[in-house]
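Working through the structure, step by step
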Amino acid sequence: MSDPTDSDPIESAAAVSPDPADPHAERPFTLSVPEVDLSLLRKRLDLVRLPDELLGAERHYGAPLADVRRLVAHWRGAFDWRAAEARINALPMFVRGVEVDGFGTLEVHYVHWRSAVAGAIPLLFVHGWPGHFLEVRKMLPLLTASEPDHPSFHVVALSLPGFGFSEAPKKPGFAGPQYAEVFNKLMLALGYDKYVYQGGDWGHILGTHAVDIYGHKHIKAWLTNLPVYRDPTLFTYPIYYLQKLLLPITTRFNDKARKDYEDTKNFYQKGRGYFIEQATDPQTIGYSLADSPVGLLAWIYEKLVSWTDNYPWTDDEVLEWISVYWFSRAGPAAASRIYHEMTGGQSYDWWKGSKRTTVPLGAAYFPAEGTRPPKQWLNMLGKVVFRSEHDRGGHFAAFEQPQLLAGDLRKMFGKGGPAYGAVPGKDGYN
Amino acid sequence: MADTTEQPFTVAVSDTDLELLRKKLDLVRLPDELEGAEWNYGVPLADIKRLVAYWKDSFDWRKAEAGINKLPMFTRDIEVDGHGTLNIHYVHQKSEVKNAIPLLFVHGWPGDFLEVKKVLPILTAKSDEHPSFHVVAISLPGFGFSEAPKKPGFAGRQYAEVFNKLMVALGYNEYVYQGGDWGHILGAHAVTHYGHTNIKAWHSNMPFYRAPKFFSNPLLFLGMLTIPFDTVTKTRLAHSMKWQSKGRGYFIEQATQPQTLGYSLSDSPVGLLAWIYEKLVDWSDKYPWTEDEGRLLEWISIYWFSRSGPAAAGRIYYEMTSQNQHDVLEGTKYSSVPLGASYFPGELVRLPKSWTSMLGNVKFEAEHDKGGHFAAYEQPEKLAGDLRKMFGKGGPAHGVVPGKNGYD
């Protein structure tokens, strides 16, 4: 339990000591934020000091003051965390210790929803930043349904180490291979020697690493909703490279291509402050995120709005989302470190160490995704067997458009689909 | 003509504001830290714990406030074309020497007007050996105790206008200018608009200009490509590259989403402390902050208690780059106004000295072996010494301000 008077680092919202008998055994997980933490949050919200705002700022300078003010008032007043908590606890959640080479045992939190269909396909869903495991929520009933027309899945959705209710790594160096090791060991521990993978944001980036290390042997196929990879270079992919050089010209002749190009450029110019700060000095911004509920709210809410396709966020949805960060086991500052670890503190890009594989790859394209390079470039990442292009939805696709993304998984893995039967003996049907 | 809006100014933070800060410090919630993190991930936890405890239990704001109030400070209204009237705060210390040179001192981010404190007695001293200055040290709009702009678009030209109108209102139609950080950048803008007519010479302790482009500076551009830089220059460039790749998070966030960041800086004293302290350490040349923690917390407190709040200051990055669409020197031109450049080894951007000639008419150069970004605070004797050399008898900018050569 956190004691504010001696300024100790954040304590877990649901601390569970590893069972000395078997730290790797699975235990059911119930979220239960201590009352004192709720009361401290309320005290901090009572003391909120807001900045002013330039006239006509709208969203150009960041999260708008009117939105933030309203959300803070709701958080202090009507927002019912216990009700949100109870709804989260309706999900089948667990924790278990997963040993990571060089990092000891980390307690990993996950949702594990088994389908009633005997031959259901095991699927690992991996979130990103500023996302969390609950992004899978709306897809769960669709993916695990028993319907003769669609394949069914056993769904595992973990909290990445350092996020949600998983422990965070204690030392530097936790990067691609370590996350991949956590994924694979978790799936194996659940009895899924072979499985498929779905992710966006870090879920996609970590997917490239996981598939590189465990592809074919364990990961049989994967679907991404952030279909990007390294830029082509003259030496690696000369034709794509030439195409890249000509983009400023060629995109002029196609409205959609031009919008993709302009939006991508805009994202790089105006939308990467959070990334550069978190990749270089996550501890520094971490003091704000740990100490200030409104600071954390604004930092995340800005992306919940700018990265989605006009998603009609309710205040309750936003506050539940932010609260998961505020009450996270490792605290909000820990999550930002992934940017630093995956880039060596901005010494290299986060694809480092990964390479193209022949593991069947599916790509779901949503129009409001921030970076939208030419689609052919995904061939540099893997063997693209499935592609879908949607006319609505953004970065948080599973949350914004669960029907569409679940539909993509169904098409990719269903009878007649390009990855049907990827997992031997588990084709998704009875 | 008497300007009636000048008022003497004293800092007087309300008890309510002091109490709010205290309550927030009592509730501070700190993150954990990776083993062996040191400075690799940002400000170390041990530093923050120590500083928060000091701020909460030992730091005496009222004492600091009384010290600040010993300086001769004023506010006055300055009208800015298209932005209405801003109430501007400044230190104005006149020298005993009647013909002292009027000098405007301009701070940057995360600096403040108090950076002038240590150089003030040196510059205003009366002596046969050295020139004397009347010193004006402004709080930039949005910083310290100056009002902030209310609408978008307050950039180079507007800051220059504030500077010039202030100096003219004080009776200094012709003056010289000293700045580092934004003080340097805004100096280039000020000289573009008011050089020669008003600004007769200027000095920078962060002398950089844009990298040479072929068409504007073909010789320098080719030099960049073909002639191997000497070791000293290579070290300087490497140092700048490091800042470029590892030290720019604050810049990009403030240039693109200053409002988002602003909620944290307004609401969290420890968040503000970390954000600024990181630069006070990174950018100074091993300045012994542990021996000066009272001043350190005074520095942070000025941001915390600033007139427009801590979030307003970061907007300068947005406005000066049009949200990261161009560099901060956009709109400046080469000027033949005499320029002095002081090079301090700890400065974050250190470019080949030959490039400074693209910035202006370099008449004075000094290279030091100690000191960093906050030169006036870290090495006041060296910086003041450079100004004395530049403007003193026999110096390259002696007598630039007619009738005010610094000596009686």
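Here's what I pulled together on the structure shown here. Along each chain, the written sequence defines residue order, and numbers are assigned to residues from 1. Key to labels: chains lettered from A, ligands numbered from 1, both in the order written. Local features in a predicted model are, by the rule used here, given only for residues with pLDDT of at least 70; side-chain atom pairs are given and counted only at 80 or more, and totals for whole chains, interfaces and linings are based on all residues. Calculated side-chain values reflect all of the structure's heavy atoms, with hydrogen atoms and water omitted.

With that settled, consider the overall build of chain A. By definition, any uninterrupted DSSP run of H or I lasting at least four residues is a helix, any uninterrupted run of E lasting at least two residues is a strand, and each is numbered from the N terminus. A tally of helices and strands in chain A yields 15 helices and nine strands. Along the first, second and third principal axes, the C-alpha set of chain A runs to 60 × 60 × 40 Å. Relative accessible area decides the class of each residue, using a 1.4 Å probe on protein chains only: under 20% of the type maximum gives buried, over 50% gives exposed, and in between gives partly exposed. Considering chain A as a whole, with its 430 residues, one finds that 63% of them fall into the buried category. Long-range pairs, those at least 24 residues apart, make up 76% of the contacts in chain A with a sequence separation of at least 6. Accessible surface area values rest on a Shrake-Rupley calculation with a 1.4 Å probe, where residue burial reflects the displayed protein chains alone. Accessible surface, chain A: about 15900 Å² in total, of which carbon and sulfur atoms supply 54%. Under the convention used here, Asp and Glu are negative, Lys and Arg are positive, and both His and the chain ends fall outside the count. To locate a charge, the coordinates of NZ of Lys, CZ of Arg, CG of Asp or CD of Glu are taken. Here chain A holds 45 positive side-chain charges and 49 negative ones, and the gap between their average locations is 6 Å. By the convention used here, residues are in contact when the closest approach between their heavy atoms is within 4.5 Å.

With that settled, the discussion passes to the overall build of chain B. Per the secondary structure count, chain B includes 17 helices and nine strands. The reference for a compact globule is 2.2 Å times residues^0.38; the radius of gyration itself is calculated from the C-alpha atoms. The globule rule puts the C-alpha radius of gyration for 408 residues at 22 Å, and the 21 Å found for chain B is close to it. In terms of principal-axis extent, the alpha carbons of chain B reach across some 60 × 55 × 45 Å. Classification of the 408 residues of chain B by burial places 64% in the buried group. The contacts in chain B between residues at least 6 apart in sequence include a share of 78% that link residues at least 24 apart. Seen as two clouds, the 43 positive and the 47 negative side-chain charges of chain B have centres 4 Å apart.

The next thing to look at is the packing of aromatic side chains. The relative placement of two aromatic rings is captured by the distance of their centres and the angle of their planes. Residue and element names in this part refer to chain B. For Phe, Tyr and Trp, where Trp contributes only its six-membered ring, two rings pair if their centres lie within 6.5 Å, and the inter-plane angle classes them as stacked under 30 degrees, edge-to-face over 60, or tilted in between. Scanning the entire structure with this criterion turns up 57 aromatic pairs over all chains. Centre to centre, the rings of Trp289 and Trp299 are 5.7 Å apart; their planes meet at 85°, and the pair counts as edge-to-face. Taken together, the positions of Trp289 in the loop between α11 (269-282) and α12 (293-304) and Trp299 in helix α12 put the pair ten residues apart, joining distant regions of the chain. The residues Trp289 and Trp299 share a single accessibility class, namely buried. Taking 5.9 Å as the distance between ring centres and 5° as the angle between the ring planes, the aromatic pair formed by Trp289 and Tyr377 counts as stacked. Taken together, the positions of Trp289 in the loop between α11 and α12 and Tyr377 in helix α16 (residues 375-378) put the pair 88 residues apart, joining distant regions of the chain. Like Trp289, the residue Tyr377 is buried in the burial classification.

On to the layout of surface pockets, then. Residue and element names in this part refer to chain A. Put simply, the grid is 1 Å and covers the protein atoms alone, a cavity is a trapped set of points that fit a 1.4 Å probe, a pocket is an open set with protein on both sides within 12 Å along at least five of seven lines, and lining residues have an atom within 4 Å of a point. Grid points are joined across faces, edges and corners, and a volume is the space filled by probe spheres set on the points. One number sums up the size of the largest pocket: a volume of about 1300 Å³. Residue lining of the largest pocket: 50 residues in total, with Val228, Thr264, Thr371, Arg372 and Pro373 positioned closest to the centre. Mapped onto the lining of the largest pocket, the elements with two or more residues apiece are α6 (202-214), α7 (238-250), α8 (255-270), α9 (273-280) and α13 (332-343). At eight residues, α8 tops the list of elements feeding residues into the lining of the largest pocket.

To continue, consider the sheet that holds strand β9 (residues 360-367) of chain B. All names here are of chain B. Judged by pairing direction, the sheet is mixed, and its nine strands sit side by side in the order β1-β2-β3-β5-β4-β6-β7-β8-β9 without closing on themselves. Each end of this open sheet is capped by a strand with a single partner; those strands are β1 (7-8) and β9. Pairing between strand β6 (residues 175-179) and strand β7 (residues 199-204): five bridges, direction parallel. The residue bridging Tyr175 from the neighbouring strand is Ile199, located in β7. Lines fitted to the C-alpha atoms define the axes, with helices restricted to the stretch that makes contact. Angles between their N-to-C directions range from 0 to 180 degrees. Running over the sheet, helix α5 (residues 156-169) touches β2 (73-80), β3 (84-93), β4 (101-106), β5 (133-138) and β6 and is turned about 125° from β2. Its contacts with the sheet put helix α17 (residues 380-391) on β4, β5, β6, β7, β8 (335-343) and β9, and the angle it makes with β7 is roughly 145°. In short, DSSP must find at least two bridges between two strands for them to pair.

What follows concerns the packing of helix α2 (residues 45-57) of chain B against α11 of chain B. Residues and elements named next belong to chain B. It is the contact of α2 with α11, at a shortest axis distance of 11 Å, that shows an interaxial angle of 125°. As judged from the angle between their axes, α2 and α11 are oblique. Here α2 and α11 pass one another in a crossing that is right-handed. For the pair formed by α2 and α11, the contact residues are Asp47, Ile48, Arg50, Leu51, Val52 and Trp55 on the first element and Pro269, Val270, Leu273, Ala274 and Tyr277 on the second. Residues are grouped as follows: nonpolar covers Ala, Val, Leu, Ile, Met, Phe, Trp, Tyr, Cys and Pro; charged covers Asp, Glu, Lys and Arg; every other residue, Gly included, is treated as polar. Of the residues in the contact of α2 with α11, the class split is nine nonpolar, no polar and two charged. Reported orientations rely on four angle classes, namely roughly parallel under 35 degrees, roughly antiparallel over 145, roughly perpendicular from 65 to 115, and oblique for the rest. Each helix crossing is assigned a hand: it is left-handed if the near helix lies turned anticlockwise from the far helix by less than a right angle, otherwise right-handed if that turn is clockwise.

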